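Spelled out, the chains give:
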Amino acid sequence: MNKQRASRLAVHVALILYTLLALGPVLLILINSFKSRRAIFNSPLSLPIGKSFSLVGYNSVLAKSDFGLYFVNSLTVTVASLALVLFFGAMSAWALTEYRFRGNAFVGLFMAIGIMVPIRLGSVSILKMMVGLGLVNTLTALVLVYTAMGLPLAIFILAEFIQQVPRDLRDAARCDGVSEYRIFYAIILPLIRPALATVAVFTMVPIWNDLWFPLILAPGRDTQTVTLGVQQFIGQYVTDWNAVLASLSLAIAPILVLYLLFSRSLVRGLTAGAVK
């Protein structure tokens, strides 16, 4: 009994330390975003109290940049990409899991390769493709790239969950004359909601935080995302750290809210199947 308590205590201590390690940089950014420039460098670990408190960073972000436009662009790209990844990922996982056809194994292997090979290796080809399609400096280009980037992992995760759905439910529905589309939308999707939440979290964070593809495909003023818009405060010789930290804090907020909304389903999705 003592060994079990000791092992549980060790696990909790390790998890607490990891949580502090993960949240430390986020809290440091939030705290220093409310400080003056001198306080940031003199006492970066102290709370913004008294003379150190300042909103100059937020004033600079809101007054000197189109942060609202950048935020809307990032939100549009993230939501559209996430919706397409979940929709097509769930349908593809259902097709690969439920139906056996010639090339089924090849398609599954092709999707697995998409997980292992970084999409950034094809940046030159992707740029040429978008130039040919006339989609450079458009949010559509980013949505297409992020959808392609998120689909392999989404299909892999959702296929594993769909396999755990009892076949008797599907067979019983077919015996009652229910169409395949109705089975998918009325039976499969409600049962794999934890998996959908897991895929949503793992998909939206890289999309929201990405700088590479916005810099290559949509560097125009009207199509810049939050991560790209922050770069205007970083110069070769002078950097407005108050504005940088303030903009990063504003960019972190939506991700934290969405994570809190999906956290329960995320935990359920990660632990599903661990206990039979």
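A brief structural summary. Bear in mind that the values here come from a model prediction, so they are computed numbers and not experimental data. (Residues numbered from 1 in each chain as written. Predicted model: local features only at pLDDT ≥ 70, side-chain atom pairs only at ≥ 80, totals over all residues. Heavy atoms only, no water.)

## Describing helix 7 (residues 139–163)
For an α-helix, the turn length of 3.6 residues means that residues three or four places apart are oriented alike.
Here is step 1: With 25 residues, helix 7 ought to run about 36 Å at 1.5 Å a step, and its terminal C-alpha atoms sit 35 Å apart, in line with that.
Here is step 2: Residue Leu-151 marks the point of greatest curvature in helix 7, where the axis turns by about 35°; the proline Pro-152 follows within four residues. (Helix = DSSP H or I, 4+ residues; strand = E, 2+ residues; numbered from the N terminus. Expected span 1.5 Å × (residues − 1). Bend = angle between axes of the 7 residues up to and from the residue.)

## A short note on the nonpolar core
Here is step 1: Leu-158, Ile-188 and Ile-192 are the most contacted members of the largest nonpolar core, which has 22 residues in total.
Here is step 2: For this core, the elements supplying multiple residues, two or more each, are helix 4 (67–98), helix 7, helix 9 (180–191) and helix 10 (193–209).
Here is step 3: Of all the elements, helix 7 adds the most residues to this core, at 7 residues.
Here is step 4: Setting aside residues no more than four positions away along its own chain, Leu-158 makes contact with Gly-89, Ala-90, Ala-93, Ile-192, Ala-195, Leu-196 and Val-199. (Core = buried A, V, L, I, M, F, W, Y, C linked by side-chain atoms within 4.5 Å. Buried < 20%, exposed > 50% of the residue type's maximum accessible area, 1.4 Å probe, protein only. Contact = heavy atoms within 4.5 Å.)

## Overview of the packing of helix 8 (residues 167–175) against helix 9
Here is step 1: Running from amino to carboxyl end, helix 8 crosses helix 9 at an angle of 150°, the nearest separation of the two axes being 10 Å. In this view, helix 8 runs roughly antiparallel relative to helix 9, as classed from their interaxial angle. Crossing hand, helix 8 versus helix 9: right-handed. Residue-level contacts link Leu-169, Arg-170, Ala-173 and Arg-174 of helix 8 to Glu-180, Ile-183, Ile-187, Ile-188 and Leu-191 of helix 9.
Here is step 2: Split into classes, the residues belonging to the contact of helix 8 with helix 9 amount to 6 nonpolar, no polar and 3 charged. (Axes fitted to C-alpha atoms, helices over the stretch in contact; angles between N-to-C directions. Parallel < 35°, antiparallel > 145°, perpendicular 65-115°, else oblique. Left-handed = near helix turned anticlockwise from the far one by under 90°. Nonpolar A, V, L, I, M, F, W, Y, C, P; charged D, E, K, R; others polar.)

## A closer look at the pattern of salt bridges
Here is step 1: Evaluation of the coordinates by the stated rule reveals 6 salt bridges.
Here is step 2: Asp-66 is the partner of Arg-221 in a salt bridge, and the nearest nitrogen-oxygen pair spans 3.2 Å. Taken as a pair, Arg-221 in the loop between helix 11 (212–217) and helix 12 (226–229) and Asp-66 in the loop between helix 3 (56–64) and helix 4 lie far apart in primary sequence, 155 residues in all.
Here is step 3: Looking at Arg-221, the relative accessible area reads 53%, which means it is exposed.
Here is step 4: What makes Asp-66 partly exposed here is its relative accessible area of 31%.
Here is step 5: Between Glu-180 and Arg-174 there is a salt bridge; the shortest N-O distance is 2.7 Å. (Salt bridge = Lys/Arg side-chain N within 4 Å of Asp/Glu carboxyl O.)

## Brief notes about helix 1 (residues 2–32)
Here is step 1: When the terminal C-alpha atoms of helix 1 are compared, their 43 Å separation across 31 residues agrees well with the 45 Å that a helix rising 1.5 Å per residue should span.
Here is step 2: If you look at helix 1, its biggest bend is around 35°, right at Leu-23, and the proline Pro-25 turns up within four residues after that.

## Notes on the packing of aromatic side chains
Here is step 1: Enumeration over the complete set of coordinates arrives at 9 aromatic pairs.
Here is step 2: On the basis of an interplanar angle of 5° and a centroid distance of 6.2 Å, the ring pair of Phe-34 and Phe-53 is categorised as stacked. Pair noted here: Phe-34 is in the loop between helix 1 and helix 2 (37–42) and Phe-53 is in the loop between helix 2 and helix 3, with a separation of 19 residues, a long-range link.
Here is step 3: Their ring planes at 85° and their centres at 6.3 Å tell us that Tyr-146 and Phe-213 sit as a pair that is edge-to-face. Highlighted residues: Tyr-146 in helix 7 and Phe-213 in helix 11, separated in sequence by 67 residues. Like Tyr-146, the residue Phe-213 is buried in the burial classification.
Here is step 4: Within the aromatic cluster, the residues linked to one another by ring pairs are Trp-94, Tyr-99, Phe-184 and Tyr-185. (Phe/Tyr/Trp six-rings, centres within 6.5 Å; stacked < 30°, edge-to-face > 60°.)

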